[in-house]
Amino acid sequence: MTRVAVFPGSFDPMTNAHLDVAQRASGLFDRLVIGVLNNPRKAPLFTIDERIALIERCVRDLGEHVSVDAFDGLTVDFARHHGAGFIVRGLRAVSDFEAELQMALTNRKLAPGVDTTFLMTALEYGYVSSSLAKEVARFGGDVGPMVPPPVAEALAARIRSDPRV
Ligand code: PNS
C-alpha cells in the first residue's frame, strides 16, 4: 500500500519549523506533497511562485518522493486530487492545538477517508513562525536560526528592494 500525505500551509515563507516537519514526514510517507495555499484574500510577502520556488530549494535533499504544489479551495480536495489519505500538520505549542483540532475535525467531517497526522515541531524551533521571521527580518535581526538559508536570503533581498516591507 502506498501512503501518500499532503502537508498544507501558507508557507509565507517556509521556516525551519516547517522544514523539520517536512523532513520527518518524508520519512513516514511514500509520497509527500507540500501544498502551498494560494489565498486571494491574504496579501502574502512572497507570491505563490516565489513560495513554491523557495520550498523546492529547501526540500531538494529530501528525495524525489517529496514535491511542492499550489492549491486553492479546500485542503481535503487537494488531498483527494493527489490521492492522499493523510494531512500532515506541525504542532508547536498548546496554543496551536485548538485551531488545529478544529481544522482536523472539519477536514474529517468533509472527508472521512483523509486523516490528519500531527508532528511535534522540534524543540529548538518551537518558537518559530513565518510572521515572526518576517518581523525580525524587517527590523534587521538575524533570522538565521529561524529559516533555511535560501529563505533568509530572499527575506533580506525583499526588504532591501521594497522599503514598504
Ligand atoms: O500555514 P497555515 O496558514 O497555518 O495553514 C492553514 C491552512 C492552509 C492549512 C488552512 O487555512 C487550510 O486548510 N485552508 C484551506 C481551506 C480549507 O480547507 N478550510 C477548511 C479546513 S479548516
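Anything mentioned here points back to the structure above.
Every value quoted in this text rests on a predicted model; they were computed, and no experiment measured them.

### Structural notes on the overall build of the chain
Right, so step 1: When you go through the chain residue by residue, the secondary structure sums to six helices and five strands.
Right, so step 2: Element order for the chain, N to C, with α for helix and β for strand: β-α-β-α-β-α-β-α-β-α-α.
Right, so step 3: The C-alpha atoms of the chain give a radius of gyration of 16 Å, which matches the 15 Å a tight globule of 165 residues would have.
Right, so step 4: Seen through its principal axes, the chain has C-alpha atoms that stretch 45 × 35 × 30 Å.
Right, so step 5: In the chain, which comprises 165 residues, the share counted as buried stands at 45%.
Right, so step 6: Within the chain, residue pairs in contact and separated by at least 24 positions form 75% of the contacts whose partners lie at least 6 positions apart.

### A word on the site of the ligand
Right, so step 1: By nearness alone, every residue bordering the ligand is listed as Gly9, Ser10, Leu37, Gly73, Leu74, Thr75, Arg89, Met103 and Asn107.
Right, so step 2: Ser10 is positioned such that a nitrogen or oxygen atom in its side chain is 2.6 Å from an oxygen atom of the ligand.
Right, so step 3: Between the ligand and Thr75 there is a distance of 2.6 Å, counted from an oxygen atom to a side-chain nitrogen or oxygen.
Right, so step 4: For the ligand, whose free accessible area comes to 540 Å², the fraction covered by protein is 71%.
Right, so step 5: Among the cavities detected, the one that contains the ligand is the largest pocket.
Right, so step 6: When grouped by side-chain class, the residues that make up the shell around the ligand number three nonpolar, five polar and one charged.

### Notes on the sheet that holds strand β1 (residues 4-9)
Right, so step 1: Ordered in space as β3-β2-β1-β4-β5, the five strands form an open sheet in which the pairing is parallel. At either margin of the open sheet sits one strand with a lone partner, and together these are β3 (66-71) and β5 (115-120). For this sheet the average axis-to-axis angle between neighbouring strands, irrespective of direction, equals 30°.
Right, so step 2: Pairing geometry for β1 and strand β2 (residues 31-37), over six bridges, is parallel. Looking at β2, one finds that Val6 is bridged to Val33.

### Structural notes on unusual backbone geometry
Right, so step 1: Here the bond from Asp12 into Pro13 is cis, since omega is 0°, no more than 30 degrees from zero.
Right, so step 2: Along the chain, Pro13 falls in the loop between β1 and α1 (16-26).
Right, so step 3: With phi around 50°, Phe11 is a residue other than glycine that occupies positive phi space.
Right, so step 4: Mapped onto the elements, Phe11 comes out in the loop between β1 and α1.

### Concerning the pairing of β5
Right, so step 1: Here strand β4 (residues 86-91) pairs with β5 via six bridges, running parallel. Residue pairing for β5: Arg89 is matched across the bridge by Phe118.

What counts, and where the lines are drawn
- Residues numbered from 1 in each chain as written.
- Predicted model: local features only at pLDDT ≥ 70, side-chain atom pairs only at ≥ 80, totals over all residues.
- Heavy atoms only, no water.
- Helix = DSSP H or I, 4+ residues; strand = E, 2+ residues; numbered from the N terminus.
- Rg over C-alpha atoms; globule rule 2.2 N^0.38 Å.
- Buried < 20%, exposed > 50% of the residue type's maximum accessible area, 1.4 Å probe, protein only.
- Contact = heavy atoms within 4.5 Å.
- Near = heavy atom within 4 Å.
- Polar contact = N/O pair within 3.5 Å; in protein donor to acceptor, adjacent residues only side chain to side chain.
- Areas by Shrake-Rupley, 256 points an atom, 1.4 Å probe, with all protein chains shown as cover.
- 1 Å grid on protein atoms, 1.4 Å probe; cavity = no way out; pocket = protein on both sides within 12 Å on 5 of 7 lines; lining within 4 Å.
- Sits in = over half its atoms within 2 Å of the grid points.
- Nonpolar A, V, L, I, M, F, W, Y, C, P; charged D, E, K, R; others polar.
- Pairing = 2+ DSSP bridges.
- Axes fitted to C-alpha atoms, helices over the stretch in contact; angles between N-to-C directions.

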